[in-house]
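# Breakdown of the fold
Spelled out from the first residue to the last, the chains are:
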Amino acid sequence: MTVAAAAATPAASAPPPLAARARAVGGSPVRDILAVTARPEVINFAGGLPAPELFDREGVAAAFRHVLEETPGRALQYATTEGEPVLRERLARRVSARGLPTDADDLLVTTGSQQGLSLLAGALVEAGDTVLVEEPCYLAALQVFGLAGARVLAVPGDADGPDPEALAELIVRERPKLLYTVPTFQNPTGRTLPAGRRAALASVAARHGLWIVEDDPYGELRYDGERVPWIAAHPDARDRTVLLGSFSKVMAPGLRLGWLRAPAELRRACAVAKQAADLHTPTVNQLAVARYLAASDLDAHVRRVAGVYRERRDAMLAGLPDALPEGSVWNRPEGGMFLWARLPESYDTTALLPAVVRQDVAYVPGAPFHAGPPDRATLRLCFVTQTPEEIAEGLRRLGRGLRGA
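Predicted model, so just to flag it, every value in this text is computed and none were measured.

Here we take up the overall build of the protein. Assigned secondary structure in the protein consists of 15 helices and 15 strands. Over its C-alpha atoms the protein spans a radius of gyration of 23 Å, differing by no more than 12% from the 22 Å that the globule rule assigns to 405 residues. With respect to the three principal axes, the spread of C-alpha positions in the protein is 75 × 55 × 55 Å. Relative to its full complement of 405 residues, the protein shows a buried share of 51%. If you take every contact in the protein between residues at least 6 apart in sequence, the share linking residues at least 24 apart comes to 74%. Taken as a whole, the protein presents about 17,800 Å² of accessible surface, with 54% of it coming from carbon and sulfur. Of the charged side chains in the protein, 45 are positive and 47 negative; the average position of the first set lies 2 Å away from that of the second.

Estimates place the volume of the second largest pocket at around 440 Å³. As for the second largest pocket, its lining consists of 24 residues, of which Arg94, Arg98, Asp216, Gly219 and Glu220 are closest to the centre. The set of elements that each furnish at least two residues to the lining of the second largest pocket consists of α6 (85-97), β9 (241-246) and α13 (298-323). With 5 residues, the single largest contributor to the lining of the second largest pocket is α13. Taken together, the residues of the lining of the second largest pocket sort by class into 12 nonpolar, 4 polar and 8 charged.

Right, let's get into the side chain of Asn285. Relative to the elements of secondary structure, Asn285 occurs in helix α12 (residues 283-295). Residue classification places Asn285 among the buried residues on the basis of a relative accessible area of 14%. Contacts of Asn285, omitting those with residues within four sequence positions, involve Phe64, Leu255 and Leu257.

Here we come to the state of the cysteines. Evaluation of the coordinates by the stated rule reveals 0 disulfides. Cysteine Cys137 shares no disulfide, and the gap to the nearest cysteine sulfur, in Cys382, comes to 18 Å. Judged by relative accessible area, which is 0%, Cys137 ranks as buried. Here Cys382 falls in the buried class, since its relative accessible area comes to 0%.

Turning our attention to the sheet that holds strand β10 (residues 258-261). Across the sheet, 7 strands lie side by side as β2-β10-β9-β8-β7-β3-β4; this open sheet has mixed pairing. The open sheet has two edge strands with one neighbour each: β2 (107-110) and β4 (151-154). This sheet shows a mean twist of 20 degrees between the axes of neighbouring strands, independent of strand direction. Strand contacts of helix α11 (residues 264-277): β2, β8 (211-215), β9 and β10, with the helix running at about 25 degrees to β2, the strand carrying the most contacts.

Taking every second residue as pointing to the same face, both faces of strand β3 (residues 130-133) are buried, with Thr130 and Leu132 on one and Val131 and Val133 on the other. Inspection of the sheet shows β3 paired to β4 by 4 bridges, in the parallel sense. Counted as the bridge partner of Leu132 is Leu153 from β4. Handedness of the β3-helix α8 (residues 139-147)-β4 crossover: right-handed. Bridging between β3 and strand β7 (residues 178-181) involves 3 bridges; their strand directions are parallel. Bridged to Leu132 within β7 is Leu179.

Let's shift gears to the environment of Leu147. With respect to the helices and strands, Leu147 occurs in helix α8. In this structure Leu147 comes out as partly exposed when scored by relative accessible area, which is 42%. Expressed as a C-alpha distance, the spacing of Leu147 and Gly47, which sit 100 residues apart in the sequence, is 23 Å.

On to empty space enclosed by the protein, then. A complete count under the given rule lists 1 cavity of 30 Å³ or more for this structure. Estimates place the volume of the largest cavity at around 50 Å³. Lining the largest cavity, in full, are Pro50, Ala51, Leu54, Phe55, Lys249, Val250, Met251, His301, Val305 and Tyr309.

Residues separated by three or four positions in an α-helix point in the same direction, a consequence of the helix having 3.6 residues per turn. End to end, helix α4 (residues 57-70) covers 20 Å across 14 residues, agreeing with the expected 20 Å (1.5 Å per residue, within 8%). Listed in full, the buried residues belonging to α4 are Gly59, Val60, Ala63 and Val67. Take α4 and look down its axis: the buried residues cluster within an arc of 100 degrees, on one side only. Seen from the buried face of α4, the exposed residues on the opposite side, beyond 90 degrees, are Arg57, Glu58 and Glu69. Next to the buried residues of α4 lie α5 (72-75) and α12.

Scoring rules and cut-offs
- Residues numbered from 1 in each chain as written.
- Predicted model: local features only at pLDDT ≥ 70, side-chain atom pairs only at ≥ 80, totals over all residues.
- Heavy atoms only, no water.
- Helix = DSSP H or I, 4+ residues; strand = E, 2+ residues; numbered from the N terminus.
- Rg over C-alpha atoms; globule rule 2.2 N^0.38 Å.
- Buried < 20%, exposed > 50% of the residue type's maximum accessible area, 1.4 Å probe, protein only.
- Contact = heavy atoms within 4.5 Å.
- Areas by Shrake-Rupley, 256 points an atom, 1.4 Å probe, with all protein chains shown as cover.
- Lys, Arg positive; Asp, Glu negative; His and termini not counted.
- Charge placed at Lys NZ, Arg CZ, Asp CG, Glu CD.
- 1 Å grid on protein atoms, 1.4 Å probe; cavity = no way out; pocket = protein on both sides within 12 Å on 5 of 7 lines; lining within 4 Å.
- Points joined across faces, edges and corners; volume = space filled by probe spheres on them.
- Nonpolar A, V, L, I, M, F, W, Y, C, P; charged D, E, K, R; others polar.
- Disulfide = S-S within 2.5 Å.
- Pairing = 2+ DSSP bridges.
- Axes fitted to C-alpha atoms, helices over the stretch in contact; angles between N-to-C directions.
- Right-handed = clockwise from strand over helix to strand, strands pointing away.
- Expected span 1.5 Å × (residues − 1).
- Arc of directions from axis to C-beta.

Set out below in structure tokens:
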């Protein structure tokens, strides 16, 4: 190329920018913390990871072997967007047995319940629409709704969850599309909404015209007390509630298998959104889980896991009084994976985290879980991944970190 030709070549221009919604929504602070604390010597109360030693590896492996040996052509082929019929049928039986009559055609299989949230956002939420959430709220739900361009508002509440009167006032004033809630063993707080509160929320939604998205990834992990019926089972809510479920916490998160139960029109819209996202959830995983449900006792497995998790919850509760500063308060979850604590007003758990991590222990600060003004004195602790002995040592390290900060 001559000097003249080189001079005539225009300078390269920058490519177009990212979409505004992608620029506006940050990453997950939980994922960021896990990346920083991945060292094996760190006792990590930050993650929401099931205990890997409790996975039914033999049962899952046998299920995969069966479908690959008996139906390899089907297992390794494309499938329908709605999900494998045999899996949806067995899922429908499980949901029906828990008090919510369900047919296979009521269900859409998803790639984890997290995808269900994304599909719902795509089917229901226009940029600028208002979405209501509980306070604090599951962090990845805030990400999904933020990426959809929604205006996310927190419903004031108390220890029993969102306040129905406050919800009604917000609906009248803000005209939202939906309320998102994790009513059983919530992430991050571990709280469970009582039956009366669920009924009141369902009645408000029916009276004012509102979708309820009921996310239930933890509900089977109950250690104490009696099961509380789903909001979706309440007569006022049956035509306006989407129920999300998952195999991540009861079998294994690596399967990436969840499901969505919704009224027909909305379910069809979610299926169209899923076609655009990934065509269908992996066939081999669906058939393996269907085989597992037929050949193994998932309920018995869940009871074994819940028994171990109960011991680990109790170990954390026993060690918290010595680990946290005087004046701290925390809850006693009846199941699930998480415990929520609040330190005295002067503490900022985000600012304190680096000093705590230097003690080789980690938690998640509570601030990112708030759609409204954050409560910076709060933190989330996951108690299921470590043994009671590791929990005791982790809490000793936590105490040293908080005292030395």
